[in-house]
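Tertiary structure, described
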Amino acid sequence: EAGVTQSPRYAVLQEGQAVSFWCDPISGHDTLYWYQQPRDQGPQLLVYFRDEAVIDNSQLPSDRFSAVRPKGTNSTLKIQSAKQGDTATYLCASRGGVSGNTLYFGEGSRLIVV
Amino acid sequence: GDSVTQTEGQVALSEEDFLTIHCNYSASGYPALFWYVQYPGEGPQFLFRASRDKEKGSSRGFEATYDKGTTSFHLRKASVQESDSAVYYCALGDGNSGTYQRFGTGTKLQVVP
């Protein structure tokens with residue numbers, strides 16, 4: 001069974017530029033999460049979906065961050081006008097089916113904003 | 001709000017030492033508790049979970065017991081190996097029916113031969 005796939009693995013931006021991260025969850029998993037992990041910190045939830053619906057986006061900086069999951073499968077997280085404080089690894093995770101509450105994470109997308 | 005606290009930021013041990021990483025939580029009811037391990041360049045990997053008082057979770061020689069009385073879920077291993085070097089995260093099931101997980105700050109374990 002394929003795991004959670006994320007791309008790109010790395011991105012380096014100047015402040016003010018935009019970037020999109022893509023996530024392909026495990027097949028059949030209805031719930032998809034985006035977490036932000038600053039260096040040497042634990043993952044912090046940004047947003048999560050069940051199928052195509054946003055369940056909780058209260059931690060998403062809505063003025064510059066957006067996330068969609070239009071068909072309830074793949075998802076895109078977009079950062080517009082990036083700031084140095086956005087430097088972090090962006091982790092996608094999915095769960096569903098027999099996995100219960102266990103989250104399965106991708107390898108992450110490492111963003112550096114200079 | 002709900003939270004999980006890991007008191008050790010880093011732990012350094014020699015091979016075959018006994019490991020304890022402390023995790024305490026603050027939440028109402030009986031939230032599910034989890035341990036994850038993260039290796040460099042990878043996402044966190046699920047180790048095990050527990051969801052009832054006195055329930056023990058275990059995997060790969062690691063174990064932890066859910067203790068409602070002390071609100072703890074401490075990670076232990078009897079004899080660590082160099083390959084156990086990684087960052088360990090305690091997490092708490094949050095939201096409706098524990099639909100997302102709130103992570104602690106992590107504990108970096110370094111094991112030297």
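Scope of this entry: the structure provided in the associated data block. (Residues numbered from 1 in each chain as written. Chains lettered and ligands numbered in written order. Predicted model: local features only at pLDDT ≥ 70, side-chain atom pairs only at ≥ 80, totals over all residues. Heavy atoms only, no water.)

What follows is about the pairing of strand β1 (residues 3-6) of chain B. Residue and element names in this part refer to chain B. In β1, alternate side chains face the same way, and those of Val4 and Gln6 are buried while those of Ser3 and Thr5 on the opposite face are not. Relative to strand β4 (residues 23-26), β1 is paired through four bridges, and the arrangement is antiparallel. From the neighbouring strand, Val4 faces β4, where its bridge partner is Tyr25. (Buried < 20%, exposed > 50% of the residue type's maximum accessible area, 1.4 Å probe, protein only. Helix = DSSP H or I, 4+ residues; strand = E, 2+ residues; numbered from the N terminus. Pairing = 2+ DSSP bridges.)

What we call a disulfide is simply a covalent bond connecting the sulfur atoms of a pair of cysteines. Considering all chains together, one arrives at two disulfides over all chains under this definition. Between the sulfur atoms of Cys23(A) and its disulfide partner Cys92(A) the distance amounts to 1.9 Å. The sign of the -70 degrees torsion about the S-S bond sets the Cys23(A)-Cys92(A) disulfide as left-handed. Taken as a pair, Cys23(A) in strand β3 (residues 19-24) and Cys92(A) in strand β9 (residues 88-95) lie far apart in primary sequence, 69 residues in all. For the pair Cys23(A) and Cys92(A), a shared accessibility class is recorded, and that class is buried. Note that Cys23(B) is cross-linked by a disulfide to Cys90(B), the S-S spacing being 1.9 Å. Measuring handedness by torsion sign, the sulfur bridge of Cys23(B) and Cys90(B) sits at about -60 degrees and is left-handed. Of this pair, Cys23(B) sits in strand β4 while Cys90(B) sits in strand β10 (residues 86-94); the two residues are 67 residues apart in sequence, bridging distant segments of the chain. An identical accessibility class is assigned to Cys23(B) and Cys90(B); each is buried. (Disulfide = S-S within 2.5 Å.)

Residues and elements named next belong to chain A. One open sheet accounts for four strands, arranged β1-β3-β8-β7; its pairing is antiparallel. Only two strands of the sheet have a single neighbouring strand rather than two, namely β1 (5-7) and β7 (65-68). When the angles between neighbouring strand axes are averaged without regard to direction, this sheet yields 15 degrees. Bridge count between β7 and strand β8 (residues 75-79): four bridges; the pairing is antiparallel. (Axes fitted to C-alpha atoms, helices over the stretch in contact; angles between N-to-C directions.)

Let us look at the nonpolar core. Across soluble globular proteins, nonpolar side chains have a tendency to be buried as a group. Formed by 25 residues in total, the largest nonpolar core has its most connected members in Leu19(B), Trp35(B), Phe48(B), Phe73(B), Leu75(B), Tyr88(B) and Leu109(B). For this core, the secondary-structure elements that each account for two or more residues are β2 (10-14), β3 (19-21), β4, β5 (33-38), β6 (45-50), β8 (62-65), β10 and β12 (107-112) of chain B. Examining the composition of this core, we find that four residues originate from one element, β10(B), more than from any other. Residues Leu46(A), Leu60(A), Ala82(A) and Tyr90(A) belong to the second largest nonpolar core, which totals 23 residues. (Core = buried A, V, L, I, M, F, W, Y, C linked by side-chain atoms within 4.5 Å.)

Coordinates in, geometry out; function isn't part of it.
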